[in-house]
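Chain by chain, the residues run as shown.
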Amino acid sequence: MDQGKNGILLESGTNEIEIMQFTIDGNLYGINVAKVREIMLAQEVRPMPHSHMAVEGIFKPRDQVITVVDLPKYLNQREEEKGEKDLFIITNFNKMFIAFRVHTVVGISRISWQDIQKPDKTVSGGPDGVATGIAQCGQQLVTILDFERIVAEIAPETTIQMKEVEDMGYRNRSDKPIWIAEDSILLSRMIQEALSKAGYDNLRAFSNGAELWEQAQKIRDSKDLFNQVALVITDIEMPQMDGHRLTKLMKDDAVLQRIPLIIFSSLITPEMYIKGKQLGADEQLSKPEIGHLIGVIDHLLEVSGNGI
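Calculation notes
Residues numbered from 1 in each chain as written. Predicted model: local features only at pLDDT ≥ 70, side-chain atom pairs only at ≥ 80, totals over all residues. Heavy atoms only, no water. Phe/Tyr/Trp six-rings, centres within 6.5 Å; stacked < 30°, edge-to-face > 60°. Buried < 20%, exposed > 50% of the residue type's maximum accessible area, 1.4 Å probe, protein only. Helix = DSSP H or I, 4+ residues; strand = E, 2+ residues; numbered from the N terminus. Salt bridge = Lys/Arg side-chain N within 4 Å of Asp/Glu carboxyl O.

Trainee: Run through the packing of aromatic side chains, naming residues and quoting values.
Mentor: Under the criterion given, the structure shown has five aromatic pairs. Three or more aromatic residues link up through ring pairs in this structure, and these residues are Phe22, Tyr29, Phe100 and Phe147.

This is the structure in structure tokens:
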């Protein structure tokens, strides 16, 4: 698995993604290969008391205890019979290792983020939905699941914590404009709430990198450009245009490169950090470090010298 990922990880801003396809009850779902560390046959699991209904328990494949999420049970909201050929997809994001039970793994497709559409609210379920995109992989439509959203529901303490902001105490208000590219409705809302609590009132959210880039191009030649956008925060995984492609476009532009850009993603591994650095990102932070993010925003706005 690691060998297969290195090729795409070391490329710069190609706007491509590798999707691992898997099935649950015959339905086709997908996960970004960058989140996957290993696939193994389902193992015996030790149940954990007082856990979320979808948490199957824990197991220790080698030297690490890993939580197992029963994905069929989570998605169908009912007890599912466990098959002898079920698989565990071992994931790593938000600095956590989590195993997800699935029925089969179909294969891996490499596609452009442009081939992934944001599902409408009737499919995604709005802010409470777990479908983050619909991908065209060959002749098949694959539902990309929002694994961050799933884990945030199962273990709220692992996601953005407003207490980190509240512990900062009183802060002066700021009208410096900050743009945010984040496709998860839940996380976008939480980031905006946290920044607002931290004193940043002038926020504009985009559901993917393509929308933000389009708007940046429209105002690029404005005399008051830096009064319209002082700083950009972007996720990596987004339909249409990912955060690495957005970073490359922004930092290759002689004017827009002066706008500080922070990559705020669950995928900040050492490999991904190297890639973001090569693309010119000013800072890269792993979710859910919201307190650290605010400190970095404060610093970059202070030293950017963008005329605000």
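Trainee: For unusual backbone geometry, give the residues involved together with the corresponding values.
Mentor: At the junction of Lys287 and Pro288, the peptide bond is cis and its omega measures out at 5° in the coordinates. Phi angles above zero are rare outside glycine, and Asn15 is one such case at about 65°. Classification of Asn15 by relative accessible area gives buried; the value is 7%. Despite not being glycine, Asp25 shows a phi value in the positive range, around 55°. Topologically, Asp25 is positioned in the loop between β1 (16-24) and β2 (27-32). By relative accessible area, which is 39% here, Asp25 ends up partly exposed.

Trainee: Lay out the pattern of salt bridges with the relevant residues and their values.
Mentor: Counting across every chain of the model gives 22 salt bridges. Lys95 is the partner of Glu289 in a salt bridge, and the nearest nitrogen-oxygen pair spans 2.8 Å. Remark: Lys95 occurs in the loop between β6 (87-93) and β7 (96-102) and Glu289 occurs in the loop between β16 (283-286) and α11 (290-303); sequence separation between them is 194 residues. Among the residues examined, Glu289 registers a relative accessible area of 23% and is labelled partly exposed. Given the relative accessible area of 62%, Lys95 is considered exposed. Of the charged contacts in the structure, one is a salt bridge between Arg173 and Asp201, with a shortest N-O distance of 2.4 Å. Placement of the pair is Arg173 in the loop between α5 (162-166) and β12 (178-181) and Asp201 in the loop between α6 (185-197) and β13 (203-206), with a sequence separation of 28 residues. Judged by its relative accessible area of 47%, Arg173 falls in the partly exposed class. Asp201 sits in the partly exposed class, given a relative accessible area of 45%. Linked by salt bridges that have partners in common, Asp70, Lys73, Glu79 and Lys82 make up one network.

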